[in-house]
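Spelled out, the chains give:
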Amino acid sequence: MGVINTTPDSFSDGGTLYSRSRLDIDRAMVRAHEMVEAGAAILDIGGESTRPGAQPVTTGEEMDRVLPLVERIAAELAVVVSVDTSSPDVMCAAAGAGAGMINDVRALSRAGALEAAASSGLPICLMHMQGEPDNMQRAPQYVDVVTQVREFLLDRVAACERLGIVRERLLLDPGFGFGKTVSHNLQLLRDLPQLAAMGFPLVVGLSRKSIIGKLLGRDIGERLPASLALAVMAVERGAMIIRAHDVAATADAIAMWSALQELGEL
Ligand code: PT1
């Protein structure tokens, strides 16, 4: 899953798709084509930054950023378009514009989100977060992070099922970096097989995140090698979808793991 941020303040590639403070759709399309060429099966389009400390945006602003791009990618490219949103209105509009998946870091907790996602008919990724992006890294606390993330996700699955969303439409994500310390993130990665055992496809996003900065002292632009290591570790532990900025490099790293895997099956 390749990441395309349409926000001017993305943590990793903040505003690189902007020219004269306007989102440059043609530049975003070049990025989309490159990612598909490099092996992305899904492109995740986000119009609200959810990195630590980020401020919310209005629905109108999010719509203006995301919809034109969802529409063009869906029309031009053979790839599933995922819309990274918590807003029910954006979910409905994106589904109408050709989106093939909803990715909600708030796991459909906003008023109307469960209903909007249900009526879209689309697959949905439910992610765990403690707090809100604005404050989530202030003092994350868990008694047992793995158990609590698992129980939260199962509660959200149950909420989806009550609205008639069948399990086959759901993917789960532990939400690395969303209200978690370095130790919480490491415990989740170590015990990812326990989360995979819930029986849903797991989405994992660790690409360029601050856990790498905190452990290795690397700036954002120096986090690719560690991101690749984390991607392979996640796949090894049962992740099915890796959310990544550097699609070509990530696809190669995972292809090497796959080659070894296939040998084992001979
Ligand atoms: C993710 C994810 C996401 N991450 C899903 N969607 C972001 N399903 C946005 C940091 O610690 O992991 N899964 N959508 C980006 N959010 C963050 C969070 C970016 C933490 C950076 C950090 O640096």
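The present account deals with the structure reproduced in this document. In this text, all values refer to a predicted model and were calculated from it rather than measured experimentally.

1. Let's talk about the pattern of salt bridges
Now for step 1: Evaluation of the coordinates by the stated rule reveals 12 salt bridges.
Now for step 2: The shortest N-O distance in the salt bridge between R65 and E61 comes to 2.8 Å. Separated by four residues within a single helix, R65 and E61 lie in helix α2 (residues 59-76), roughly one turn from each other.
Now for step 3: The buried category is assigned to R65, whose relative accessible area is 9%.

2. Quick word on the site of the ligand
Now for step 1: Taken together, 16 residues form the shell around the ligand, and within it D84, N103, D173, K209 and S210 come nearest.
Now for step 2: Contact distances for the ligand include 2.7 Å between an oxygen atom and a side-chain N or O atom of K209.
Now for step 3: For the ligand, whose accessible area on its own is 510 Å², the fraction buried by protein is 96%.

3. Here's the deal with the packing of helix α3 (residues 88-96) against helix α4 (residues 113-120)
Now for step 1: Look at α3 against α4: their axes get within 8 Å of each other, and the N-to-C directions meet at 10 degrees. It follows that α3 is roughly parallel to α4 by the angle criterion. Contacts between α3 and α4 pair P88, M91, C92 and A95 from the former with A113, A116, A117 and S120 from the latter.

Calculation notes
- Residues numbered from 1 in each chain as written.
- Predicted model: local features only at pLDDT ≥ 70, side-chain atom pairs only at ≥ 80, totals over all residues.
- Heavy atoms only, no water.
- Salt bridge = Lys/Arg side-chain N within 4 Å of Asp/Glu carboxyl O.
- Helix = DSSP H or I, 4+ residues; strand = E, 2+ residues; numbered from the N terminus.
- Buried < 20%, exposed > 50% of the residue type's maximum accessible area, 1.4 Å probe, protein only.
- Near = heavy atom within 4 Å.
- Polar contact = N/O pair within 3.5 Å; in protein donor to acceptor, adjacent residues only side chain to side chain.
- Areas by Shrake-Rupley, 256 points an atom, 1.4 Å probe, with all protein chains shown as cover.
- Axes fitted to C-alpha atoms, helices over the stretch in contact; angles between N-to-C directions.
- Parallel < 35°, antiparallel > 145°, perpendicular 65-115°, else oblique.
- Contact = heavy atoms within 4.5 Å.

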